[in-house]
Amino acid sequence: QVQLTESGGGSVQTGGSLTLSCAASGHPVDESNVGWFRQAPGKEREFVAATEWNGGSTKYADSVKGRFTLSRGSHRYSKILQMNNLMPEDTAVYYCAARSRSIIFGRWGDADVYDWWGQGTQVTVSS
């Protein structure tokens with residue numbers, strides 16, 4: 001089994017930046033997917049960004065394009081989400097998620113296709 005650990009959440013003012021990290025233990029499949037989702041109180045879980053452990057394609061939600069960047073962390077099974085120009089609507093609990101195997105690009109934004117989830121980290125952006 002793969003375990004995911006997120007870190008880096010916090011509180012910032014509008015326009016600020018935060019960096020979230022996701023590290024996997026176990027034996028992820030290199031070609032499988034890893035991504036970030038977020039959930040605000042009273043709202044549905046929302047796709048943020050996704051990629052592959054081996055650094056393939058990256059997919060971003062329209063709401064974060066140009067502001068967030070998902071890239072490799074300190075090792076192969078570590079990813080970082082750099083969040084810039086944060087806005088109050090970015091406030092949510094952010095979750096890292098991973099699949100046990102690859103899936104077509106068109107489904108990367110569907111939370112239901114992910115097999116493992118981290119505990120979540122809170123991001124709060126004040127106006």
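Look above for the structure.
Overview of the structure. For clarity, every value in this text was computed on a predicted model and none was experimentally measured. (Residues numbered from 1 in each chain as written. Predicted model: local features only at pLDDT ≥ 70, side-chain atom pairs only at ≥ 80, totals over all residues. Heavy atoms only, no water.)

## Describing the state of the cysteines
Under the defined criterion, the tally for this structure stands at one disulfide. Two residues, C22 and C96, share a disulfide whose sulfurs are 1.9 Å apart. A torsion of -70° about the S-S bond marks the disulfide between C22 and C96 as left-handed. Residue C22 is found in strand 3 (residues 18-25), and its partner C96 is found in strand 9 (residues 92-98); the two are separated by 74 residues along the sequence. The same class applies to C22 as to C96, namely buried. (Disulfide = S-S within 2.5 Å. Helix = DSSP H or I, 4+ residues; strand = E, 2+ residues; numbered from the N terminus. Buried < 20%, exposed > 50% of the residue type's maximum accessible area, 1.4 Å probe, protein only.)

## As for unusual backbone geometry
One non-glycine residue with positive phi stands out, namely N85, at about 50°. Position of N85 relative to the elements: it lies in the loop between strand 8 (78-83) and strand 9.

## A few points about the sheet that holds strand 7 (residues 68-72)
Strand order in this open sheet of four strands is 1-3-8-7, and the pairing throughout is antiparallel. Each of the sheet's edge strands pairs with one partner strand only, and the pair in question is strand 1 (3-7) and strand 7. Across the sheet, the axes of successive neighbouring strands diverge by a mean angle of 15°, strand direction being ignored. (Pairing = 2+ DSSP bridges. Axes fitted to C-alpha atoms, helices over the stretch in contact; angles between N-to-C directions.)

## What about the packing of aromatic side chains?
Counting across every chain of the model gives seven aromatic pairs. Between F37 and W117 the ring centres are 5.3 Å apart and the planes differ by 55°, which places this aromatic pair in the tilted class. Residue F37 is found in strand 4 (residues 33-39), and its partner W117 is found in strand 10 (residues 116-117); the two are separated by 80 residues along the sequence. Look at F37 and you get buried, because its relative accessible area is 0%. Aromatic pair Y114 and W117: ring centres 6.2 Å apart, planes at 65°, arrangement edge-to-face. Exposure remark for W117: the relative accessible area of 27% places this residue in the partly exposed category. (Phe/Tyr/Trp six-rings, centres within 6.5 Å; stacked < 30°, edge-to-face > 60°.)

## Points about the pattern of salt bridges
Any two side chains of opposite charge can pair, given that their charged atoms come close. Across all of its chains, the model carries six salt bridges by this definition. Between R67 and D90 there is a salt bridge, and its shortest N-O distance comes to 2.7 Å. In this pair, R67 sits in the loop between strand 6 (59-60) and strand 7 while D90 sits in the loop between strand 8 and strand 9, placing the two residues 23 residues apart along the sequence. The same class applies to R67 and to D90, which are both buried. (Salt bridge = Lys/Arg side-chain N within 4 Å of Asp/Glu carboxyl O.)

## What about the environment of G16?
Mapped onto the fold, G16 is located in the loop between strand 2 (10-13) and strand 3. For the pair formed by G16 and F47, sequence separation is 31 residues and the distance between their alpha carbons is 21 Å. When near neighbours in sequence (up to four residues on either side) are disregarded, G16 contacts M83, N84, N85 and L86. (Contact = heavy atoms within 4.5 Å.)

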